Amino acid sequence: MVKIAKPSEFNTLELMAVCGSRQIKNGDVVFIGTGLPMIAALLAKRTHAPGARIVFEAGFIDSNAKDIALSIADSRLGWRASGAIGLFETLGLMLQGGHVDVGFVGAAQIEDRKS
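Here the residue index of a chain counts from 1 through its sequence in written order. Given that the model is predicted, a residue must reach a pLDDT of at least 70 before its local features are reported, and side-chain atom pairs must reach 80 or more before they are shown or counted; all residues, however, enter totals for whole chains, interfaces and linings. Each side-chain value is worked out from all heavy atoms of the structure, with water and hydrogens disregarded.

Novice: Mind showing me how you'd approach the packing of helix α1 (residues 12-21) against helix α2 (residues 36-47) here?
Specialist: To define axes, lines are fitted to C-alpha atoms, for helices over the stretch in contact only, and angles between the resulting N-to-C directions are given on a 0 to 180 degree scale. Helix and strand definitions follow DSSP, with helices as H or I runs of at least four residues and strands as E runs of at least two, each counted in order from the N terminus. Two numbers describe how α1 lies on α2: the axes approach to 8 Å, and their chain directions differ by 55 degrees. Judged by the angle between their axes, α1 and α2 are oblique. Here the hand of the crossing between α1 and α2 comes out right-handed. From α1, L13, M16, A17, V18, G20 and S21 reach across to α2, where they touch L36, I39, A40, L43 and A44. Residues are grouped as follows: Ala, Val, Leu, Ile, Met, Phe, Trp, Tyr, Cys and Pro are nonpolar; Asp, Glu, Lys and Arg are charged; every other residue, Gly included, is polar. Of the residues contributing to the contact of α1 with α2, the split by class is nine nonpolar, two polar and no charged. Orientation is classified from the angle alone, with under 35 degrees giving roughly parallel, over 145 giving roughly antiparallel, 65 to 115 giving roughly perpendicular, and any other angle giving oblique. Each helix crossing is assigned a hand: it is left-handed if the near helix lies turned anticlockwise from the far helix by less than a right angle, otherwise right-handed if that turn is clockwise. In this analysis, two residues are considered to be in contact whenever any of their non-hydrogen atoms come within 4.5 Å of each other.

Printed below as a string of structure tokens:
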């Protein structure tokens, strides 16, 4: 039986991570920064969007790291990653080139995508 959490059983940061993860659809290319964006993207990938491809701000693409990284440039993100490119390529070619569906650099603001 699945236990439903009561509002008092989670904090605001956890709620933000869940809300952010729900913006990610299966198959999306997701551009993320460190902290809550990383947690939101990994939560989505491990729950409802296993086909999402995560592009970390520092250039690691679709990492299969076993642990949560300390930052977007943590070398453990290179473990079985699909690719590793530089910051210039990540920001200039991937992000500005229109190859990203959803982006979270910081979780201070989350906007719905336009359908």
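Novice: Please clarify how the side chain of D62 should be interpreted in this entry.
Specialist: Locating D62 in the fold gives a position in the loop between β3 (60-61) and β4 (83-84). By the criterion applied in these results, polar contacts are pairs of N or O atoms within 3.5 Å in which, for protein atoms, one can donate a hydrogen and the other can accept it, and in which residues neighboring in sequence qualify only through two side-chain atoms. A polar contact of 2.9 Å, which involves the side chain of D62, links it to the side chain of K45.

Novice: Teacher, can you tell me more about the environment of D62 here?
Specialist: Taking relative accessible area as the criterion, D62 reaches 13% and is therefore assigned buried. In this structure the C-alpha to C-alpha distance between D62 and V30, which are 32 residues apart in sequence, comes to 9.4 Å. Burial here depends on accessible area, computed with a 1.4 Å probe over protein chains only, as a share of the maximum for the residue type. Under 20% is buried, over 50% is exposed, and the range in between is partly exposed.

Novice: Mind showing me how you'd approach α2 here?
Specialist: For an α-helix, the turn length of 3.6 residues means that residues three or four places apart are oriented alike. In a helix, the anticipated span is given by 1.5 Å times the number of residues less one. For α2, spanning 12 residues, the distance from its first C-alpha to its last is 16 Å, which sits close to the expected 16 Å at 1.5 Å a residue. Within the span of α2, buried status applies to L36, P37, M38, A40, A41, L42, A44 and K45. Buried residues along α2 sit in contact with α1, β1 (29-32), β2 (53-56) and β5 (102-104).

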